[in-house]
Amino acid sequence: RCGGQNVFSDLPVIAGSVALESILAANPEVIVAPISGPDDIEWRGQWAKFDSIVAVQENAFINVGRDQISRSSMRLAEAASQICSELSRIRNSSN
(Lines give C-alpha, C1' and ligand atoms only; values in the text may rest on other atoms or scores of the structure.)
Protein backbone atom coordinates (compact mmCIF):
# COMPACT_ATOMS: atom_id res chain seq x y z
CA ARG A 1 0.00 0.00 0.00
CA CYS A 2 1.29 3.41 -0.87
CA GLY A 3 -1.43 5.61 0.53
CA GLY A 4 -3.58 6.20 -2.52
CA GLN A 5 -7.32 5.67 -2.38
CA ASN A 6 -9.43 4.81 -5.40
CA VAL A 7 -12.39 7.20 -5.32
CA PHE A 8 -14.39 4.48 -7.09
CA SER A 9 -13.40 1.59 -4.82
CA ASP A 10 -17.02 1.09 -3.79
CA LEU A 11 -18.07 -0.01 -7.28
CA PRO A 12 -19.38 -3.59 -7.33
CA VAL A 13 -16.86 -4.58 -10.04
CA ILE A 14 -13.06 -4.38 -10.13
CA ALA A 15 -12.75 -2.33 -13.30
CA GLY A 16 -16.07 -0.66 -13.87
CA SER A 17 -16.84 2.14 -16.25
CA VAL A 18 -17.49 5.52 -14.71
CA ALA A 19 -19.27 8.48 -16.22
CA LEU A 20 -17.52 11.82 -16.58
CA GLU A 21 -20.06 13.32 -14.18
CA SER A 22 -19.00 10.78 -11.54
CA ILE A 23 -15.35 11.76 -11.97
CA LEU A 24 -16.20 15.45 -11.66
CA ALA A 25 -18.27 14.78 -8.53
CA ALA A 26 -15.49 12.66 -6.97
CA ASN A 27 -12.93 15.44 -7.57
CA PRO A 28 -9.86 13.15 -7.52
CA GLU A 29 -6.49 14.47 -6.41
CA VAL A 30 -4.74 12.25 -8.99
CA ILE A 31 -5.90 10.69 -12.25
CA VAL A 32 -4.35 7.37 -13.29
CA ALA A 33 -4.83 6.26 -16.88
CA PRO A 34 -3.60 3.35 -18.99
CA ILE A 35 -1.62 4.31 -22.07
CA SER A 36 -0.54 2.37 -25.15
CA GLY A 37 2.94 3.85 -25.37
CA PRO A 38 5.14 6.80 -24.38
CA ASP A 39 3.58 9.06 -27.02
CA ASP A 40 0.03 8.35 -25.81
CA ILE A 41 -0.31 11.38 -23.54
CA GLU A 42 -2.79 13.49 -25.48
CA TRP A 43 -5.53 12.35 -23.08
CA ARG A 44 -4.11 14.76 -20.48
CA GLY A 45 -5.03 17.76 -22.60
CA GLN A 46 -8.62 16.62 -22.74
CA TRP A 47 -8.87 17.19 -18.98
CA ALA A 48 -7.78 20.87 -19.17
CA LYS A 49 -11.34 22.13 -19.50
CA PHE A 50 -12.25 20.48 -16.19
CA ASP A 51 -10.16 22.80 -14.07
CA SER A 52 -12.44 22.41 -11.06
CA ILE A 53 -10.85 18.98 -10.47
CA VAL A 54 -7.91 19.05 -8.07
CA ALA A 55 -5.92 16.60 -10.22
CA VAL A 56 -6.22 18.95 -13.20
CA GLN A 57 -5.31 22.02 -11.15
CA GLU A 58 -2.20 20.24 -9.85
CA ASN A 59 -1.37 18.49 -13.15
CA ALA A 60 -1.45 15.25 -11.15
CA PHE A 61 -1.69 12.58 -13.83
CA ILE A 62 -0.10 9.15 -13.80
CA ASN A 63 0.41 7.20 -17.02
CA VAL A 64 0.60 3.43 -16.67
CA GLY A 65 1.24 1.03 -19.53
CA ARG A 66 -2.01 -0.56 -20.67
CA ASP A 67 -0.44 -4.03 -20.78
CA GLN A 68 0.96 -3.62 -17.28
CA ILE A 69 -2.26 -2.59 -15.59
CA SER A 70 -4.78 -4.58 -17.62
CA ARG A 71 -3.41 -8.09 -17.26
CA SER A 72 -3.12 -10.13 -14.12
CA SER A 73 0.59 -10.97 -14.19
CA MET A 74 3.87 -9.87 -12.64
CA ARG A 75 3.55 -6.74 -14.76
CA LEU A 76 0.63 -5.72 -12.56
CA ALA A 77 3.02 -5.62 -9.59
CA GLU A 78 5.36 -3.41 -11.65
CA ALA A 79 2.45 -1.09 -12.44
CA ALA A 80 1.50 -0.89 -8.76
CA SER A 81 5.08 0.00 -7.90
CA GLN A 82 5.10 2.69 -10.59
CA ILE A 83 1.85 4.15 -9.28
CA CYS A 84 3.26 4.24 -5.75
CA SER A 85 6.42 6.01 -6.95
CA GLU A 86 4.40 8.55 -8.91
CA LEU A 87 2.05 9.17 -5.98
CA SER A 88 5.09 9.84 -3.80
CA ARG A 89 6.50 12.25 -6.41
CA ILE A 90 3.17 14.08 -6.63
CA ARG A 91 2.89 14.34 -2.84
CA ASN A 92 6.44 15.68 -2.55
CA SER A 93 5.94 18.24 -5.30
CA SER A 94 2.78 19.62 -3.67
CA ASN A 95 4.45 20.16 -0.28
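Data block above holds the structure.
The rules behind these values
Residues numbered from 1 in each chain as written. Predicted model: local features only at pLDDT ≥ 70, side-chain atom pairs only at ≥ 80, totals over all residues. Heavy atoms only, no water. Helix = DSSP H or I, 4+ residues; strand = E, 2+ residues; numbered from the N terminus. Rg over C-alpha atoms; globule rule 2.2 N^0.38 Å. Buried < 20%, exposed > 50% of the residue type's maximum accessible area, 1.4 Å probe, protein only. Contact = heavy atoms within 4.5 Å. Phe/Tyr/Trp six-rings, centres within 6.5 Å; stacked < 30°, edge-to-face > 60°. Pairing = 2+ DSSP bridges. Disulfide = S-S within 2.5 Å.

Thoughts on the overall build of the chain
Each helix and strand in the chain was counted, giving 5 helices and 2 strands. Counting from the amino terminus, the chain carries its helices and strands in the arrangement α-β-α-α-β-α-α. The C-alpha radius of gyration computed for the chain amounts to 13 Å, which stays within 12% of the reference 12 Å derived for 95 residues, consistent with globular compactness. Oriented by its inertia axes, the alpha-carbon framework of the chain measures out at about 35 × 30 × 30 Å. Every one of the 95 residues in the chain was classed for burial, and the buried ones make up 22%. Within the chain, contacts between residues separated by at least 24 positions form 58% of all contacts whose residues are at least 6 apart in sequence.

Quick look at the packing of aromatic side chains
In this structure the tally under the stated criterion is 1 aromatic pair. Ring geometry for Trp47 against Phe50: centres 5.8 Å apart, planes inclined by 65 degrees, an arrangement best described as edge-to-face. Taking the relative accessible area as the measure of exposure, Trp47 reaches 14% and is therefore buried. Classification of Phe50 as buried rests on a relative accessible area of 17%.

Description of the pairing of strand S1 (residues 31-35)
A regular strand places its side chains so that they alternate between the two faces of the sheet. Residues Ile31, Ala33 and Ile35 of S1 are buried on one face, while the alternating residues Val32 and Pro34, pointing to the opposite face, are not. Bridge analysis of S1 against strand S2 (residues 61-65) gives 5 bridges, and the strand direction is parallel. Residue pairing in the sheet places Ile35 in a bridge with Gly65 of S2.

Quick look at the state of the cysteines
A complete count under the given rule lists 1 disulfide for this structure. Two residues share a disulfide in this structure: Cys2 and Cys84, whose sulfurs sit 2.3 Å from each other. Its S-S torsion of about -80 degrees marks the bond between Cys2 and Cys84 as left-handed, since a negative value means left-handed. With Cys2 in the segment before helix H1 (20-26) and Cys84 in helix H5 (residues 74-94), this residue pair connects regions lying 82 residues apart in the sequence. Cys84 gets classed as partly exposed once you look at its relative accessible area, which sits at 24%.

As far as function goes, none of this settles anything; it's purely spatial.
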